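Structural features, examined
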Amino acid sequence: MLSALEGVRPGAAGGSLRAYSAACGALDFAERHNGGGEWLQTRLEEYLAGADELEIEALQEGWPSAARAAEEILEKGVEALADILSDAGSPNQHTLYHPQAYRETAHILNQALGDPPSAE
């Protein structure tokens with residue numbers, strides 16, 4: 001999940017497709033781990049403690065785009081975004097995601113990386 005976030009480069013060629021791929025990584029993680037809870041928080045803290053400044057910056061830059069894409073997937077559904085997800089390499093492992101599990105994962109990522117700006 002974190003390596004996919006590091007690969008999101010807003011404004012770069014393919015950046016939006018990488019955002020959908022990273023979004024699916026976060027959504028799939030949330031589904032597999034029921035949000036992640038304390039386990040995710042601990043692992044994320046450990047990861048960030050060992051990461052260099054460039055890795056942390058890449059995560060902080062990539063997270064807002066991935067978070068917006070994840071919210072779009074939750075709102076519209078995988079089927080409605082099938083073409084975009086196909087172009088992104090069909091990164092989704094599920095056809096339905098549970099918003100509560102994702103929101104727990106997103107909350108932990110927001111605490112660690114900073115809240116993404118709201119889409120207004």
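Criteria and cut-off values
- Residues numbered from 1 in each chain as written.
- Predicted model: local features only at pLDDT ≥ 70, side-chain atom pairs only at ≥ 80, totals over all residues.
- Heavy atoms only, no water.
- Axes fitted to C-alpha atoms, helices over the stretch in contact; angles between N-to-C directions.
- Helix = DSSP H or I, 4+ residues; strand = E, 2+ residues; numbered from the N terminus.
- Parallel < 35°, antiparallel > 145°, perpendicular 65-115°, else oblique.
- Left-handed = near helix turned anticlockwise from the far one by under 90°.
- Contact = heavy atoms within 4.5 Å.
- Nonpolar A, V, L, I, M, F, W, Y, C, P; charged D, E, K, R; others polar.
- Expected span 1.5 Å × (residues − 1).
- Buried < 20%, exposed > 50% of the residue type's maximum accessible area, 1.4 Å probe, protein only.
- Core = buried A, V, L, I, M, F, W, Y, C linked by side-chain atoms within 4.5 Å.

**What to know about the packing of helix 3 (residues 37–50) against helix 6 (residues 99–113)**
Between helix 3 and helix 6, the shortest axis-to-axis distance is 10 Å and the interhelical angle comes to 30°. Classified by the angle their axes make, helix 3 and helix 6 are roughly parallel. Considering the relative orientation of helix 3 and helix 6, their crossing is right-handed. Across from Gly37, Leu40, Gln41, Leu44 and Leu48 in helix 3, the residues of helix 6 making contact are Glu104, Thr105, Ile108, Leu109, Gln111, Ala112 and Leu113. In terms of residue class, the contact of helix 3 with helix 6 is made up of seven nonpolar, four polar and one charged.

**Describing the packing of helix 2 (residues 15–33) against helix 6**
The interhelical angle for the contact between helix 2 and helix 6, taken along N-to-C directions, is 110°, at an axis separation of 8 Å. By the angle between their axes, helix 2 is roughly perpendicular relative to helix 6. Two packed elements cross with a definite hand, and for helix 2 against helix 6 that hand is right-handed. Here helix 2 contributes Ala26, Leu27, Phe29 and Ala30 to the contact with helix 6, which in turn contributes Ala101, Tyr102 and Thr105. Of the residues in the contact of helix 2 with helix 6, the class split is six nonpolar, one polar and no charged.

**Describing helix 6**
It helps to recall that an α-helix has 3.6 residues per turn; residues three or four apart then point in one direction. The end-to-end C-alpha distance of helix 6 is 20 Å, a good match for the 21 Å that 15 residues give at a rise of 1.5 Å each. Restricting attention to buried positions, one finds in helix 6 the residues Ala101, Tyr102, Thr105, Ala106, Ile108, Leu109, Asn110 and Leu113. Structurally, helix 6 contributes buried residues whose contacts are with helix 1 (2–6), helix 2, helix 3 and helix 4 (53–76). Glycine 114 sits one or two positions beyond helix 6 and adopts a positive phi of about 100°.

**Describing unusual backbone geometry**
Of note, the phi angle at serine 90 is positive, near 50°, even though the residue is not glycine. Following the sequence through the fold, serine 90 ends up in the loop between helix 5 (82–87) and helix 6. Given the relative accessible area of 45%, serine 90 is considered partly exposed.

**Observations concerning the nonpolar core**
As a rule of thumb, nonpolar side chains are buried together in soluble globular proteins. Ranked by internal contacts, the top residues of the largest apolar core, which has 34 residues, are Leu5, Leu27, Trp63, Ile73, Leu85, Tyr102 and Leu113. Elements with a minimum of two residues in this core: helix 1, helix 2, helix 3, helix 4 and helix 6. Counting residues per element, this core draws most heavily on helix 2, at nine residues. Every residue in contact with leucine 5, bar those within four places of it in the chain, is listed here: Ala22, Ala58, Leu59, Gly62, Trp63, Ala66 and Leu113.

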